[in-house]
Amino acid sequence: MIFKDKVAIVSGGSRGIGREIVLMLAANGADVIFTYLANKEAAEGLAREVEKLGRKACPAQLDSRDFNRSKELIEKTKQDFGRLDVLVNNAGITKDKALMMMAKEDWSSVIDTNLTGTFNLTRNAIVTFLKQKSGNIVNITSITGMIGMARQTNYAASKAGIIGFTKALAKEVASYNIRVNAVAPGFIDTDMVSGLKEEYRKSLAQNIPLGRFGKTAEVANAVKFLLGDESAFITGQVIVVDGGLSIR
Ligand code: NAP
């Protein structure tokens, strides 16, 4: 039980990678507060699964673009649990388009959800972490933020921003026993990629050295490592979980 009695917040926990991270944390002993945007049914279903694991689960409808409600969530967590140990900034969206077709709204919604959303929760949680002189943050970025992908200028900019944010904050708070790292997945089987046509999906998989899309559990395993004591000397780093795609 490597996270026994720890208190964790995970953004975008109702589906996909975030859901797997919530379950991984609970299975390892943590109580988990997780956010979602609209999918109340999935969030409540997940809360029931966490409770079956013997841990507390608090689903919270919270648009990651909302700074004030992010602040309230951190304050409520402190009131209800008395502490906060872990923050995983996972909520994210794509709105892929060629730049010449990209509306201002396509740009803003992706930057605001992915990058400003990471700021919103972290800015509020960091005060608690600094006072406690402990805390562990993992931000979910993407290999797109490292190598770029066509039709993803908005998403790539948001994810590259998260990497810069991770490294700068890691330097800023290391002396307070707070670690900040990132995980950069490649193509992972979730709703985010479920809209891809089968043929396109096959051609993408052929370009991945390990020959397949990743599983959500494979991302959660990297998060588990970064949140656990086995990575105690690691901060400001990005672990890539992409089947080798970015080395080609
Ligand atoms: P997903 O299956 O589409 O799930 C997205 C999650 O984020 C859902 O829980 C959703 O809530 C939540 N969310 C969306 N907008 C939100 C907002 N404004 N405020 C709060 N929550 C919001 O996505 P995923 O594939 O698991 O991706 C998770 C993270 O991994 C994202 O940051 C993504 O960029 C990153 N990533 C994914 C891949 C991939 O191939 N899947 C690759 C690289 C990086 P609702 O259920 O309420 O909609």
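These numbers come from a predicted model, not from an experiment.

In this section: the packing of aromatic side chains. Per the stated rule, a full pass over the model turns up 2 aromatic pairs. With centroids separated by 5.9 Å and ring planes inclined at 20 degrees, the aromatic side chains of Phe67 and Phe119 adopt a geometry described as stacked. With Phe67 in helix α3 (residues 67-81) and Phe119 in helix α4 (residues 104-132), this pair connects stretches of sequence that are 52 residues apart. For Phe67, a relative accessible area of 30% translates into the label partly exposed. Judged by relative accessible area, which is 36%, Phe119 ranks as partly exposed. The ring of Phe213 is capped by Arg201, whose NZ or CZ atom sits 4.2 Å from the centre of that ring.

Attention now moves to the site of the ligand. Residues in close proximity to the ligand total 31 residues, the closest being Ser14, Ala38, Asn90, Tyr155 and Thr190. Ile17 is positioned with one of its backbone polar atoms (N or O) 2.8 Å from an oxygen atom of the ligand. Within the residue set of the shell around the ligand, elements represented by two or more residues are α1 (16-27), α6 (153-173) and α7 (191-194). Top contributing element to the shell around the ligand by residue count: α7, with 3 residues. Split into classes, the residues belonging to the shell around the ligand amount to 14 nonpolar, 13 polar and 4 charged.

This part is about the sheet that holds strand β2 (residues 31-36). The sheet built from 7 strands is open, its strands ordered β3-β2-β1-β4-β5-β6-β7 with parallel pairing. Each edge of the open sheet carries a strand with a single partner, namely β3 (57-61) and β7 (238-241). Neighbour to neighbour, the strand axes of the sheet diverge by 15 degrees on average, direction disregarded. As paired strands, strand β4 (residues 86-89) and strand β5 (residues 135-140) are joined by 4 bridges and run parallel to one another. Residue Leu87 lies in a different strand from β5, and its bridge partner there is Ile137. Relative to strand β1 (residues 7-10), α1 is tilted by about 175 degrees, and along the sheet it contacts β1, β2, β4, β5 and β6 (178-185).

Conventions used here
- Residues numbered from 1 in each chain as written.
- Predicted model: local features only at pLDDT ≥ 70, side-chain atom pairs only at ≥ 80, totals over all residues.
- Heavy atoms only, no water.
- Phe/Tyr/Trp six-rings, centres within 6.5 Å; stacked < 30°, edge-to-face > 60°.
- Helix = DSSP H or I, 4+ residues; strand = E, 2+ residues; numbered from the N terminus.
- Buried < 20%, exposed > 50% of the residue type's maximum accessible area, 1.4 Å probe, protein only.
- Lys NZ or Arg CZ within 6 Å of the ring centre and 35° of its normal.
- Near = heavy atom within 4 Å.
- Polar contact = N/O pair within 3.5 Å; in protein donor to acceptor, adjacent residues only side chain to side chain.
- Nonpolar A, V, L, I, M, F, W, Y, C, P; charged D, E, K, R; others polar.
- Pairing = 2+ DSSP bridges.
- Axes fitted to C-alpha atoms, helices over the stretch in contact; angles between N-to-C directions.
- Contact = heavy atoms within 4.5 Å.

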